[in-house]
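# Overview (structure and organization)
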Amino acid sequence: MSYRQYTLIESLLDTYSKSSWLGFAVATALYLGGTLGLGIYLDRRKQKINAPIVTCLFLIGLVYLYYSATISQDLVPWSIPDWLGGEDLLLYVSTCAMPTLGYGLLTGVHLSLSEREEEPDVALDLTIAVVIPLLIYLMVTGMIPIMGGNSNLGTHLSVILMAMCTVMFLFFLVRGLYVLIRRRGPVSDEYRLFWLVPLTVIAPLGGLALNAKMFNIFGDFTSPVWYILAGLNGLLLCLPNYDNKLYRLYIFLGRVALGVFVLYFFIVFLPFLPLAVAAVLAVGLGFLMLTPLLLLPLQVNTLREDYRYLRQYFQPAFLATMSAIAFSMIPLVITITYVRDQAVLDNALAYVYAPGGAPVEEYAAAIRPAALDRTLAAIDLHKGSDNNFGFGSGTPYLSTYYRWIVLDNLTLSDAKMNELRMIFQGEAQEETTSFRRRSNDVDLTAATVETEWDAGQEVWSSWVELELTNDSAAFNRGEYRTQFDLPPGVFIADYYLEIEGRREYGILAEKRAATWVYNNIVNGNRDPGFLRYVSADRIALNVFPIARGQTRRTGIRFLHKEPVTLRLDGRELTLGQAGEHPISSLLTSTDGSTQYLPSGEKAGLDRVQRKLGVHFVVDASRQSPGSERALVDRIEAFASTLPAGGPPPRITLAGPYPKTIEFGSDWWSKLQSMPEGGFFAQRAVAHILAAELAGPSNTDYQIVLALNGSALPIFTDDFSAYAAALPEGDDFYYLEVDGTLSLHRLTDDPSRHLENSVRLIGPAAVLAYPNADNPTRYLADDSSPAVITTPEAANIESELPPASWGAGLALRGQYLAHRRAGATGYRPWLEEVRGSFRTGILMPTTSFLVVENEAQKEALRRKQAETLDADPNLDLSENIERMSEPWWVWVIGLAGFVILVGQRKL
């Protein structure tokens, strides 16, 4: 883990920090190597560990931990941005060092008892444990100021004294309790419940309640399951040990199964044991932190006694097998629950964001709203910060395990959770928004075009270079933000940003990973440039920071077959030379799936006028059944105003699942049979547009969304990928509750109102392709070229020429076909990303990102590796995060430990 952290930030470290890393590496190697060598030596000599070795091992561990704490700030200095700083290295050190220290403490207790003829006085041990916190309090308030105040010597002595007192406190406390547990006799057995019930029942339940009262400071344990397990485990420990083999077997297996519960909390609180004395002084926290430490020896001793008794009646192999099954029950139930949540979430995400894999009826049968609601609640609990080793959101360790199984180590944003709840439950929750605000007072002061004809590819290559100036007197660091539409058949092949006088070319990366890195860099006021698609045809450019009075330069390289006009930030830029290298025939991509129709050839197509029709998309969410009769009357009244002799209206009922029916049928009764949920207009409109692309008709069906009450249609994206189905224009309408129409736009935020109280306008003339007698497409009647794709996406297996216009055309066709078919799951998305990487052509699934140093590039590579292994419909983060260690680091460490222990037992 340390090496992974060091290789990320190495380029940002100065000489002193690198020497600190070297010292830390040497100390860690000596500590690990020495401990491992000692274990091998003792194992080979068949020698048990003794008190001097335990003492030395324990002290060396304390010295290593203290050394790590003193240099932690030198390893990751303040100059390193937080998001590159990784998880707290000191937290890792303490977490990994505590098991050895805990082993030394418990072994020391065991040896102190086994080497004495008489048991120590329990009352004396517990009295010492009580007195030590009082002495520490006196030391903190009186002795430390006298010994040096704020001097380094005083600080070091204070830490050493605190560590010694903490060790003594834990030693006498655990030994006193251990002696009390082992003690047997008429008197001790008679009064056993007087201390057993408080320790095994009251303390765990009180600790859980106290943690909830203190805002889940150690993790979220508010579920009733935690209280049930704690109470049940306490009950089993308090039950008497009757002389009955079946009774003892059942009790033993129950105690083994719940031993996982005790072991889990022992591991959770293990890193915080050095704070035990200070927590005891705070009364409540000490009560919470020490309970697992005191409960684990009792659990182990009780199981040992049960095993010794049962061995008289059962074979050891049988007991071992049954114990293993019992011990795995809770982990197995947890895993099954998480896998079930994954299946529920995968079905919901696939239907909403990647529906091409199955018919609507299959999704309707597979998705149960109640199960989805429980899953979303679990995600809300577990998707908190990655640092779940205490003092963090979620549940320690289990949240990491949950995110690995259910969320592919990513997350699900509040926005998507809100969308899922609105679609399947008809509910809406407030969406979280980012509070990061930056100025946009940066102007485009110059734009130049350098264009040349590439005779080898027979394509124009044009560099558009921009000068950006921050003339604002109010903001010292501004960000340039602009968006522009990319003309048909134009592709982006390169991007650069000038940083400190040098051109830094953009890295073509997966878009989510690049967005995550860009947001983190901008929050650290560094130098990124970011170029990506925000819809099927629209490009966004961001450059940050631009200081007051500063001018920065950036450039974009376009590939295009014909001269085009690019409208960028209020300027019209001509790319290519008019009249040179004309194209007079249809061009087809190498895979045959996509065609490029030049503007000259397009102008010669037949011009036709389609009829006006209406396709109603009706709110069938059943949120307002009392007003549905008025909704039906409003739709029928509007339909009666349509021109006579025109095509009959069409109608789609849009609840969670769309259903298209005949307008003349008894659709009122069908509306009443629709399932409850949300007004999911996205899926209904997508089906309408996909059907138009599959078989265009001679009627331009205008889409009209019929609202019912206050429920608004749910859109998860725009419909820019379906622009070919809208040759007359991308307008559509809401039929409001007062019977009027409001204007909206399909390809740009469909939910935004543009104009109220409008009228349906007859369709404009369009071009029939290939001819008016047998049209397979209708094209917009304008001077731009057209890109025509087949309904099915081609599987682009062959190597496309890098940075070529032909590669861009093939990838463009693949992207559009995937979107129109709803094939936006993992495999189609990965094909698109890999195709963009192979060719170097920007696609909507990738982006160009300019970063200024190797650490940022390495962070981008690591984050991209995460995204390429996960569902593309999941999100990277809700907020700005640090780079996190991979889950497999912990799994490998744990697996290695289990294997070594297993081999040692054999």
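With that out of the way, let us pick up the overall build of the protein. A count of helices and strands for the protein gives 27 helices and 25 strands. Going through the 906 residues of the protein one by one, you find that 49% of them count as buried. Counting only contacts in the protein whose residues sit at least 6 apart along the sequence, the fraction spanning at least 24 positions is 75%. When the accessible surface of the protein is split by element, carbon and sulfur atoms take 58% of a total near 42000 Å².

Evaluated as defined, the whole model comprises 30 salt bridges. For Asp341, the salt bridge identified is with Arg340, shortest N-O distance 3.2 Å. For Asp341, a relative accessible area of 3% puts it in the buried group. Across the pair Asp731 and Arg745 runs a salt bridge whose closest N-O atoms are separated by 3.8 Å. Of this pair, Asp731 sits in strand β19 (residues 731–735) while Arg745 sits in strand β20 (residues 741–745), and the two are 14 residues apart along the sequence. Asp731 sits in the partly exposed class, given a relative accessible area of 30%.

Bringing the sheet that holds strand β3 (residues 477–485) into the picture now. The 5 strands are arranged β3-β8-β7-β25-β6 in an open sheet whose pairing can be described as antiparallel. Edge positions in the sheet fall to β3 and β6 (507–510), since each has one partner strand and no second. Pairwise comparison of adjacent strand axes, ignoring direction, gives a mean angle of 20° for this sheet. As paired elements, strand β7 (residues 529–533) and strand β8 (residues 538–547) share 5 bridges and run antiparallel to each other. When the sheet's bridge partners are listed, Gly529 is paired in β8 with Val543. Its contacts with the sheet put helix α25 (residues 826–839) on β6 and β25 (846–850), and the angle it makes with β6 is roughly 175°. Packing against the sheet, helix α26 (residues 854–867) makes contact with β6 and β25, and its axis sits at approximately 30° to β6.

Another aspect to go through is the sheet that holds strand β23 (residues 777–780). The strand order β14-β22-β23 describes an open sheet built from 3 strands, whose pairing is antiparallel. The open sheet terminates on both sides in strands that have one partner only, identified here as β14 (606–608) and β23. Strand-to-strand, the axes of this sheet are offset by a mean angle of 45°, without reference to chain direction. As paired strands, β14 and strand β22 (residues 766–769) are joined by 3 bridges and run antiparallel to one another. Note on β22: the bridge partner recorded for Asp606 is Ala768.

Turning our attention to helix α3 (residues 51–75). Taking 1.5 Å as the rise per residue, α3 with 25 residues should run 36 Å; its terminal C-alpha atoms sit 35 Å apart, in good agreement. Approximately 35° is the largest bend angle found in α3, and it occurs at Ala69. Restricting attention to buried positions, one finds in α3 the residues Ile53, Val54, Leu57, Phe58, Gly61, Tyr64, Leu65, Ser68, Ile71 and Leu75. Measuring from the backbone nitrogen of Ile53 back to the side-chain oxygen at the start of α3 gives 3.0 Å, which picks out Asn50 as the cap.

Taken together, the side chains of Asp441, Asp443, Asp471 and Asp569 make up a negatively charged region of the molecular surface. As for its placement among the helices and strands, Asp443 is situated in strand β1 (residues 443–454).

Moving on: the environment of Ala350. Mapping Ala350 onto the fold places it in helix α14 (residues 329–353). Remark: the alpha-carbon pair of Ala350 and Gly825, spanning 475 residues in sequence, is separated by 7.0 Å. The residues contacting Ala350, other than those within four sequence positions of it, are Pro355 and Tyr363.

Let us now look at the nonpolar core. By size, the foremost hydrophobic cluster in this structure holds 116 residues, and its most contacted members are Trp21, Leu345, Tyr351, Leu412, Leu420 and Phe424. Grouped together as the second largest cluster of nonpolar side chains are 30 residues, Leu497, Leu531, Leu541 and Leu573 included.

With that out of the way, let us pick up the packing of helix α16 (residues 369–382) against helix α17 (residues 398–407). It is the contact of α16 with α17, at a shortest axis distance of 9 Å, that shows an interaxial angle of 130°. Taken together, the axis directions place α16 and α17 in an arrangement best described as oblique. Like other packed secondary-structure pairs, α16 and α17 cross with a definite hand, here left-handed. Two secondary-structure elements touch here, α16 through Thr375, Ala378, Ile379 and His382 and α17 through Leu398, Ser399, Tyr402, Arg403 and Leu407. Partitioning the contact of α16 with α17 into residue classes produces 5 nonpolar, 3 polar and 1 charged.

Attention shifts here to the packing of aromatic side chains. One pass over the full model with this rule turns up 41 aromatic pairs. Between Phe24 and Tyr64 the ring centres are 6.4 Å apart and the planes differ by 20°, which places this aromatic pair in the stacked class. Of this pair, Phe24 sits in helix α2 (residues 15–44) while Tyr64 sits in helix α3; the two residues are 40 residues apart in sequence, bridging distant segments of the chain. Using a relative accessible area of 10% as the deciding quantity, one classes Tyr64 as buried. In this structure an aromatic cluster arises from ring pairing among Phe218, Phe221, Trp226, Phe261, Tyr264, Phe265 and Phe269. Lying over the aromatic face of Tyr309, Arg248 brings its terminal NZ or CZ to 4.2 Å of the ring centre. Geometry around Tyr353 places Lys416 over its ring, the cationic atom sitting 5.0 Å from the centre.

Moving on, we get to unusual backbone geometry. Put simply, Phe544 and Pro545 share a cis peptide bond, and its omega is -10°. In this model, Tyr769 is joined to Pro770 through a cis peptide bond whose omega is 0°. Looking at the element boundaries, Pro770 is found in the loop between β22 and β23. Located in the positive-phi region is Ser757, a residue other than glycine, with phi close to 50°. Residue position: Ser757 is located in strand β21 (residues 755–758).

Moving on, we get to the environment of Thr590. As for its position among the elements, Thr590 is in the loop between β12 (587–588) and β13 (594–597). Thr590 gets classed as exposed once you look at its relative accessible area, which sits at 64%.

Turning to α14, a few remarks are in order. Taking 1.5 Å of rise per residue, the 25 residues of α14 would be expected to cover 36 Å, and the 36 Å separating its terminal C-alpha atoms lies within 8% of that figure. Regarding α14, the residues found buried are Ile330, Tyr338, Asp341, Val344, Leu345, Ala348, Leu349, Tyr351, Val352 and Tyr353.

In terms of burial, β25 is a largely internal element, 5 of the 5 residues being buried. Of the two faces of β25, the one carrying Thr846, Phe848 and Val850 and the one carrying Ser847 and Leu849 are both buried. Note: β6 against β25, 4 bridges, orientation antiparallel. Looking at β25, one finds that Glu510 is bridged to Thr846. Two strands pair when backbone bridges link them, and β7 and β25 are joined in this way by 4 bridges, in the antiparallel orientation. Paired with Phe530 across the two strands is Leu849, which belongs to β25.

Assignment of secondary structure puts Arg777 in strand β23. Arg777 gets classed as buried once you look at its relative accessible area, which sits at 11%. Within the structure, Arg777 has its side chain in polar contact with the backbone oxygen of Leu693 (distance 3.4 Å). Here the side chain of Arg777 touches Thr789 through a polar contact of 2.6 Å, landing on its backbone oxygen.

Next up on the list: the confidence of the model for the protein. Of the residues in the protein, 86% have a pLDDT of 70 or more, and the chain-wide mean is 84. Throughout residues 879–906 the model reports pLDDT below 50, and contacts reaching past four residues in sequence, or to other chains, amount to 42 contacts.

This part covers the packing of α14 against helix α18 (residues 414–425). Put simply, α14 and α18 touch, their axes get as near as 11 Å, and they point 85° apart. Of the possible angle classes, the one that applies to α14 and α18 is roughly perpendicular. Each of Leu345, Ala348, Leu349, Tyr351, Val352 and Tyr353 in α14 lies in contact with α18, whose residues at this interface are Lys416, Glu419, Leu420, Ile423 and Phe424. Classifying every residue of the contact of α14 with α18 gives 9 nonpolar, no polar and 2 charged.

Cut-off values and rules
- Residues numbered from 1 in each chain as written.
- Predicted model: local features only at pLDDT ≥ 70, side-chain atom pairs only at ≥ 80, totals over all residues.
- Heavy atoms only, no water.
- Helix = DSSP H or I, 4+ residues; strand = E, 2+ residues; numbered from the N terminus.
- Buried < 20%, exposed > 50% of the residue type's maximum accessible area, 1.4 Å probe, protein only.
- Contact = heavy atoms within 4.5 Å.
- Areas by Shrake-Rupley, 256 points an atom, 1.4 Å probe, with all protein chains shown as cover.
- Salt bridge = Lys/Arg side-chain N within 4 Å of Asp/Glu carboxyl O.
- Pairing = 2+ DSSP bridges.
- Axes fitted to C-alpha atoms, helices over the stretch in contact; angles between N-to-C directions.
- Expected span 1.5 Å × (residues − 1).
- Bend = angle between axes of the 7 residues up to and from the residue.
- Polar contact = N/O pair within 3.5 Å; in protein donor to acceptor, adjacent residues only side chain to side chain.
- Patch = residues over 30% accessible without salt bridge, like charges linked within 9 Å, V, L, I, M, F, W, Y side chains within 5 Å.
- Lys, Arg positive; Asp, Glu negative; His and termini not counted.
- Charge placed at Lys NZ, Arg CZ, Asp CG, Glu CD.
- Core = buried A, V, L, I, M, F, W, Y, C linked by side-chain atoms within 4.5 Å.
- Parallel < 35°, antiparallel > 145°, perpendicular 65-115°, else oblique.
- Left-handed = near helix turned anticlockwise from the far one by under 90°.
- Nonpolar A, V, L, I, M, F, W, Y, C, P; charged D, E, K, R; others polar.
- Phe/Tyr/Trp six-rings, centres within 6.5 Å; stacked < 30°, edge-to-face > 60°.
- Lys NZ or Arg CZ within 6 Å of the ring centre and 35° of its normal.
- pLDDT = per-residue confidence, 0-100.

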